[in-house]
Each structure stands twice: as structure tokens, then as C-alpha cells.
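# Descriptive structure summary
The primary structure of each chain is shown beneath.
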Amino acid sequence: MFKHKYPVSYFRNFIFGVEDSLVSTVGLLSGIAVAGMSKEDIFLTGIVLIFVEAFSMGAGSFIAESSADEFTTGKEKVTLKNIFSGLVMFISYFISGFIPLSSYLFLPVGQALYYSILFSTIALFVLGLVGAKISKGNLLLNGIRVVVIGGIAIILGLIVGTFASTI
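Residues numbered from 1 in each chain as written. Predicted model: local features only at pLDDT ≥ 70, side-chain atom pairs only at ≥ 80, totals over all residues. Heavy atoms only, no water.

### Considerations on the overall build of the protein
- Summing up its helical and strand segments, the protein has five helices and zero strands in all.
- In sequence order, the protein lays out its α and β elements as α-α-α-α-α.
- Principal-axis analysis of the C-alpha atoms gives the protein an extent of 55 × 35 × 30 Å.
- Out of the 167 residues in the protein, the part that is buried amounts to 35%.
- Charge-centre separation for the protein: the mean point of 10 positive side chains lies 17 Å from the mean point of 9 negative side chains. (Helix = DSSP H or I, 4+ residues; strand = E, 2+ residues; numbered from the N terminus. Buried < 20%, exposed > 50% of the residue type's maximum accessible area, 1.4 Å probe, protein only. Lys, Arg positive; Asp, Glu negative; His and termini not counted. Charge placed at Lys NZ, Arg CZ, Asp CG, Glu CD.)

Below you can see the structure in the form of C-alpha cells.
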């Protein structure tokens, strides 16, 4: 059996944190940008989303890992592994959220929307490559898979934002 130096939960939480942050943040920002919100409102919404969701995802990861350990061992015990898993989720979500948000700090909304989607799509592809490299999977297929799945969420954000702005 193949032994890992670090628990699988660290890898899982890193991939999940980065992917969820990129997809959630760019989906929300794209939706509200096409709905016609101001640059300042878009940026504020993005900041609030990143902080709240990073904490929520980190806490959720800690609770899920602890619950899984309690289920398998029958013992209620906080472990350093579970705390670190939550931190991996928090940090990966927090940092990644600024990739789609950063363009709204420097560019007008129309251009920022384009670059936010572009940067997020590139980051999703790189995440797929990193995940494949670590897990020894197919680099290209994994990169494309992550982009397609993330792209669906981006498109959904654009559709909802466009539709909601007409109401």
C-alpha cells in the first residue's frame, strides 16, 4: 500500500479550498458585475465573501474531519491533524479568493469581469495540473476537468446575474 507523508485530508482540503474559492468568488462577482453593481459594491461583496466563506469552510473542514475521526475511532478528541486540515482549507480558500477579486481593485467593471474570469480559469487549470501531479494522474485531462466544472459555475453566475438584473 502506498504511504503518504501527509494525511490525505490535507491534499483534499487544499484542492477543495482553492477550487471552491475560485468558483464561488468568480461566480458571485461575475453575476453581480453583469447585474450592474458598482465597482465599490462588487469589491466589498467580494471581500465579505472571501472572509466569511474562508472561515466557514475552515471550520466546516475541522468539524467534518473531527466527526469522521470520532466515527471511526469512537472517541471524541481534537487532534492537531484536524486543526491543520481546517487551516489548510481556510488558507487555501482565503488566498485563492483574491485571484478573481484582484482585477476589480484596478480596472473598470467591464474589463475587471473579463480578467477575473480569465485569471480564475487559468488558476483552475493550474489547480488541475497540481492535483494531477500530486496524485500522479493525467495532467491535461485533470486540468481540463477542473476548468469545465468551474466554468459551469462561472456561466451560472453570469446567467443568474443577467436574469436578476432584468427583474
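### Describing the packing of helix α2 (residues 39-73) against helix α3 (residues 80-106)
- Across the interface, α2 lies against α3 with an axial gap of 8 Å and an inter-helix angle of 165°. Judged on the interaxial angle alone, α3 and α2 are roughly antiparallel. Between α2 and α3 the crossing geometry is right-handed.
- Taken together, the residues of the contact of α2 with α3 break down into 20 nonpolar, eight polar and five charged. (Axes fitted to C-alpha atoms, helices over the stretch in contact; angles between N-to-C directions. Parallel < 35°, antiparallel > 145°, perpendicular 65-115°, else oblique. Left-handed = near helix turned anticlockwise from the far one by under 90°. Nonpolar A, V, L, I, M, F, W, Y, C, P; charged D, E, K, R; others polar.)

### Comments concerning helix α1 (residues 8-34)
- Here α1 is 27 residues long and its end C-alpha atoms lie 39 Å apart, about the 39 Å a rise of 1.5 Å per residue gives.
- Two residues or fewer after α1 comes Gly 36, characterised by a positive phi angle close to 95°. (Expected span 1.5 Å × (residues − 1).)

### Describing the packing of α1 against α2
- Two numbers describe how α1 lies on α2: the axes approach to 10 Å, and their chain directions differ by 155°. Relative to α2, the element α1 lies roughly antiparallel. Crossing of α1 over α2 shows right-handed handedness. Packed against α1, whose contacting residues are Ser 9, Arg 12, Asn 13, Phe 16, Asp 20, Ser 24, Thr 25, Leu 28, Leu 29, Ile 32 and Ala 33, the element α2 presents Ile 42, Thr 45, Gly 46, Leu 49, Ile 50, Met 57, Ser 61 and Glu 65 at the interface.
- In the contact of α1 with α2, the residues fall into nine nonpolar, seven polar and three charged. (Contact = heavy atoms within 4.5 Å.)

### Looking at the pattern of salt bridges
- Tallied over the full model, the rule gives three salt bridges.
- Among the ionic pairs, Lys 81 bridges to Asp 69, the shortest N-O distance being 3.7 Å. In this pair, Lys 81 is assigned in helix α3 and Asp 69 in helix α2, connecting sequence segments 12 residues apart.
- Through salt bridges with shared partners, a single network forms among Arg 12, Glu 65, Asp 69 and Lys 81. (Salt bridge = Lys/Arg side-chain N within 4 Å of Asp/Glu carboxyl O.)

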